[in-house]
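Fold and contact review
Residues per chain are reported as follows:
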Amino acid sequence: MARTTVVPLGPQHPVLVEPIHLRFEVEEEVVVGLTPQIGYNHRGIEKLMENDWKKNNFLSERVCGICSHQHSTAYTQAVERVMGIEPPERALLIRTILMELQRIHSHLLIIGLEADAIGYENLLMQCWRDREIVMRIVELISGNRVHYSMNQVGGVRRDIDDAKVKEIESALAKFDERFADLDAIMRKDPTWVKRLKGIGVLTRQQAWDLGAVGPVARASGVDYDVRSTRAHPFCAYHMLKSFKPVVREDGDTWSRMMCRMEELWVTQKMIRECLGLLKPGPITVEVRGHPNGQAWSRVEASRGELVYFVKGSGKPALDRVKIRTPTFANIPPLVPMLMGCQVADIPPIVTAIDPCICCTDR
Amino acid sequence: MSMLTNSLKNLFSKPATRLYPYEEADIQRDCRGRIEYDMSKCIWCMMCSRRCPVFAIESDKAAQTHKVFRMRCIACGACVEACPTDAISMRQHYQEPGYAPIIDSYKQEGAPPKPAKKERAEAPAGPKA
Amino acid sequence: MADDAVKATIATWRGEIEGMKKAGARFVVLAAVDHLDDIEVIYLFHHEGALKEVKLMVPYEADIPSITDLFPSAGFVEREMVDLFGAKVPGAAPFLELTEGSGIVAPLRKKRPGAAAAAAPAPAPAPAPKQGVS
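Keep in mind that this is a model prediction, so the values were computed, not measured.

**A word on the overall build of chain C**
When you go through chain C residue by residue, the secondary structure sums to two helices and four strands. Ordering the α and β elements of chain C from the N terminus gives β-α-β-β-β-α. Looking at the 134 residues of chain C, the share that counts as buried comes to 43%. Long-range pairs, those at least 24 residues apart, make up 47% of the contacts in chain C between residues at least 6 apart in sequence. Total accessible area on chain C is roughly 6800 Å²; 59% of this is exposed by carbon and sulfur atoms.

What follows is the structure in structure tokens.
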């Protein structure tokens, strides 16, 4: 009988961007057991959010740097639902444009990191160079490259004028060629395809039972995308015709990355449609009083479904804010994905779920 | 285009990076920077220090001074929006990293101006509790 | 906001959750709200585009059985409820979020069990060995 060795992919590891402890039990080269342990990045944000509901816009952004606007939108939406405020249409469209721009930069980031995890540093640098197009455009729109600080309860804080709309459109035009290149590489490049096809398989039943969200679930055949639930529209997605969720059947690592690549195309079309729908109007409504009541708010972040629960009782301090981030829901599915795989396949599989551990630990 | 063609194209084109700090940083217009006070307009409503999410502004009404901890400021602009007399503005400035905290002090000479009657959501009639 | 909220008692709660499983709903998340001596647990399910809540209010000393036998995706978030609120969930998944023995118990509760509730967050009485750090 073979002996089992314990290999800790510890909080500090060159392939991990953020600290998570994955304790593997390995027999020779094959993984037979896994225990994840989280909590290294816990900053107590849920407790901090109970201080003052007006300042939480900025705090919720800083839960994560890559999906910061999506967190801020989810929080703002939850407070707006508690207080019964409807932001104007132009504000919803601007929020949607920023959410989709954030999705582009997040997907380019993870495609680059996945390339880095398999040693393909050339592709990492290409993806991150293309990401600079998005970073400059959001710096133009919002003033910051990372934490946009564009949301406030009742609308958005800055407007986009016609000159900025033209610059967004020319940036999107640059992506026509860049995305076509990336798509061709991801489908045909032998390094990428041979390394990633067939590893880290998650079946459809496992994805449903273990609560996978986002591209991890959609690559395994579970058609779950918050943007398609028409019963609870959020931002301006109910106005867009070009949205179509991307679902694939295979459930392996290559499918997950292809899911993200195809989402990049859909996102590009959505931003163009939003820009076409912009009409002159106000960008914010006045807000009086304090939130009294509770509400849930769900948003499709780049990694999956992000849920916020806000409960207030009429004071500046809130009673409870609960955040459920997509990576928190995607870590239990790691266990069946990694069973039976080779030790050398661990970095690409772990990186393909798009782990954002600062989101997980808040 | 395959990766090989991509690499050859990159080999013979100019680099995508910028040799900062030897070259100037490329900052877009309307980029956030640091805040500045125009002390002739401040009426001491204290909304700026109350709204700051990181406590980067310390205001002393008796001594008529504002102290801004520049290294704490996250350039969110909440103070700029909260000020009823537009005494604070944000100007574009790329803050270089440094070794020591930078504290900007602003003192108001003489008596503060009378607050004008404006209908703003935070129009103050004196500091609220 | 949810489309449908059901307030359950400890006796009817298990039946509600099993009903959700039979209908094929998907467990999204649970949120625990502190009410000084009681804990209110709100389970959120998603079923064909509609959001349904099941609310349960029990005192902290009561056991809240784990639902991981019906919904395995609840494991992490129940453990988080145990760590941050000090709730009792027999059968919760065994991995830890907060390390034991660090002196911080149930940080999200307003009335901390054991230590003086009115005290400011004081450092743990037996700190880890410090090397001359003031």
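**Comments concerning the overall build of chain B**
When helices and strands are tallied, chain B shows three helices and five strands. Relative to its full complement of 129 residues, chain B shows a buried share of 33%. Of the contacts made within chain B by residues no fewer than 6 positions apart, 71% connect residues no fewer than 24 positions apart.

**Observations concerning the interface of chain A and chain C**
Opposite the 35 residues of chain A that make contact, chain C presents 34 residues. Taken together, both faces of the contact between chain A and chain C bury some 3100 Å²; the carbon and sulfur share is 62%. Our count for the chain A to chain C interface comes out at two salt bridges. We note a salt bridge from Arg26 of chain C to Glu305 of chain A, for which the minimum N-O separation is 3.6 Å. Within the residue set of the side of chain A that touches chain C, elements represented by two or more residues are β3 (30-37), α1 (45-48), α8 (204-209), β6 (292-301), β7 (304-313) and β8 (318-324) of chain A. Residue composition of the side of chain A that touches chain C, grouped by class: 15 nonpolar, seven polar and 13 charged.

**Quick look at the pairing of strand β3 (residues 38-47) of chain C**
All names here are of chain C. The buried fraction of β3 is high, at nine of ten residues. Relative to β3, strand β2 (residues 26-35) is paired through nine bridges, and the arrangement is antiparallel. Opposite Ala31, over in β3, you have Ile42 as the bridge partner. A loop of two residues connects β2 with β3, the two strands running antiparallel in sequence, and Leu36 in this loop sits at a positive phi of about 60 degrees. When β3 meets strand β4 (residues 50-59), the two strands line up antiparallel, connected through ten bridges. Along β4, the bridge assignment pairs Ile42 with Lys55. Taking the residues between adjacent antiparallel strands as the criterion, β3 and β4 are bridged by two residues, where Glu48 takes a positive phi near 50 degrees.

**Quick word on the sheet that holds β8 of chain A**
Residues and elements named next belong to chain A. As summarised here, the arrangement of the three strands in space is β6-β7-β8, forming an open sheet in which the pairing is antiparallel. A strand with exactly one partner marks an edge of an open sheet, and here the two such strands are β6 and β8. Across the sheet, the mean angle separating the axes of adjacent strands is 10 degrees when strand polarity is ignored. Relative to β7, β6 runs antiparallel, the two being bridged by ten bridges.

**Side note on the packing of aromatic side chains**
Per the counting criterion, the structure on display carries ten aromatic pairs over all chains. Seen in terms of ring centroids, Tyr75 of chain A and Tyr308 of chain A are 6.4 Å apart; in terms of plane orientation they differ by 65 degrees. Their pairing is edge-to-face. With Tyr75 of chain A in helix α3 (residues 68-83) and Tyr308 of chain A in strand β7, the pair connects residues that are 233 residues apart, well separated along the chain. For the pair Tyr75 of chain A and Tyr308 of chain A, a shared accessibility class is recorded, and that class is buried. Ring geometry for Phe175 of chain A versus Phe179 of chain A: centroids 4.7 Å apart, planes at 15 degrees, classification stacked. One end of the pair, Phe175 of chain A, and the other, Phe179 of chain A, are both in helix α6 (residues 162-188), four residues apart, so they sit about a helical turn from each other. With relative accessibility at 2%, the residue Phe175 of chain A sits in the buried group. Within the aromatic cluster, the residues linked to one another by ring pairs are Phe27, Tyr43, Phe45 and Phe71 of chain C. The cationic tip of Arg131 of chain A hangs over the ring face of Trp128 of chain A; the distance from NZ or CZ to the ring centre is 4.7 Å.

**Description of the environment of Thr325 of chain A**
Residue and element names in this part refer to chain A. With respect to the helices and strands, the residue Thr325 is situated in the loop between β8 and α11 (326-330). Its relative accessible area of 0% is what places Thr325 among the buried residues. Thr325 has contacts with His71, Glu305, Leu306, Cys359 and Thr360, leaving out every residue within four places of it along the chain. A polar atom in the side chain of Thr325 sits 3.1 Å from the backbone oxygen of Cys359.

**Digging into the arrangement of the chains**
Where two pairs of chains are in contact, the pair with the most contacts is made of chains A and C. A minimum C-alpha distance of 19 Å separates chain B and chain C, which share no contact.

**Some points on the nonpolar core**
Counting residues in each nonpolar core, the largest one holds 154 residues, and the members touching the most others are Trp192 of chain A together with Ile39, Tyr43 and Ile64 of chain C. The element contributing the most residues to this core is helix α4 (residues 89-117) of chain A, with 15 residues. Filtering out sequence-adjacent residues up to four positions away, Tyr43 of chain C remains in contact with Trp13, Ile17, Phe27, Val29, Leu30, Lys52, Glu53, Val54, Ile64 and Ile67 of chain C. Of all hydrophobic cores here, the second largest spans 14 residues; its members include Ile35, Cys42, Val68 and Ala87 of chain B.

**Focus: unusual backbone geometry**
All names here are of chain B. A positive phi angle, close to 55 degrees, is found at Gln64, a residue other than glycine. With respect to the element layout, Gln64 can be found in the loop between β2 (57-60) and β3 (65-69). Here Ala75, not a glycine, exhibits a phi torsion of approximately 55 degrees, which is positive. The topology assignment puts Ala75 in the loop between β3 and α3 (78-82). Overall, Ala75 belongs to the buried group, its relative accessible area being 11%.

**Some remarks on the interface of chain B and chain A**
Opposite the 25 residues of chain B that make contact, chain A presents 29 residues. Note on chain B versus chain A: buried area summed over both sides is about 2300 Å², and carbon and sulfur give 42% of it. Contact with chain A buries surface across chain B, with Met3, Gln28 and Arg32 of chain B losing the most and accounting together for 29% of the total. On the surface where chain B and chain A come into contact, there are one salt bridge.

**Remarks on the confidence of the model for chain C**
For any part of a model where pLDDT is low, the fine detail of the predicted coordinates should not be relied upon. Residues and elements named next belong to chain C. With 70% of its residues at a pLDDT of 70 or more, chain C has an overall mean of 72. Across chain C, the element-wise mean pLDDT spans from 70 in strand β1 (residues 4-8) up to 86 in β2. Counting interchain partners and residues more than four positions distant, the pLDDT-below-50 stretch residues 116-134 has four contacts. Scored by ipTM, the complex comes to 0.83, with pTM at 0.87.

About the thresholds
- Residues numbered from 1 in each chain as written.
- Chains lettered and ligands numbered in written order.
- Predicted model: local features only at pLDDT ≥ 70, side-chain atom pairs only at ≥ 80, totals over all residues.
- Heavy atoms only, no water.
- Helix = DSSP H or I, 4+ residues; strand = E, 2+ residues; numbered from the N terminus.
- Buried < 20%, exposed > 50% of the residue type's maximum accessible area, 1.4 Å probe, protein only.
- Contact = heavy atoms within 4.5 Å.
- Areas by Shrake-Rupley, 256 points an atom, 1.4 Å probe, with all protein chains shown as cover.
- Buried area = accessible area lost by both parts, 1.4 Å probe.
- Salt bridge = Lys/Arg side-chain N within 4 Å of Asp/Glu carboxyl O.
- Nonpolar A, V, L, I, M, F, W, Y, C, P; charged D, E, K, R; others polar.
- Pairing = 2+ DSSP bridges.
- Axes fitted to C-alpha atoms, helices over the stretch in contact; angles between N-to-C directions.
- Phe/Tyr/Trp six-rings, centres within 6.5 Å; stacked < 30°, edge-to-face > 60°.
- Lys NZ or Arg CZ within 6 Å of the ring centre and 35° of its normal.
- Polar contact = N/O pair within 3.5 Å; in protein donor to acceptor, adjacent residues only side chain to side chain.
- Core = buried A, V, L, I, M, F, W, Y, C linked by side-chain atoms within 4.5 Å.
- pLDDT = per-residue confidence, 0-100.

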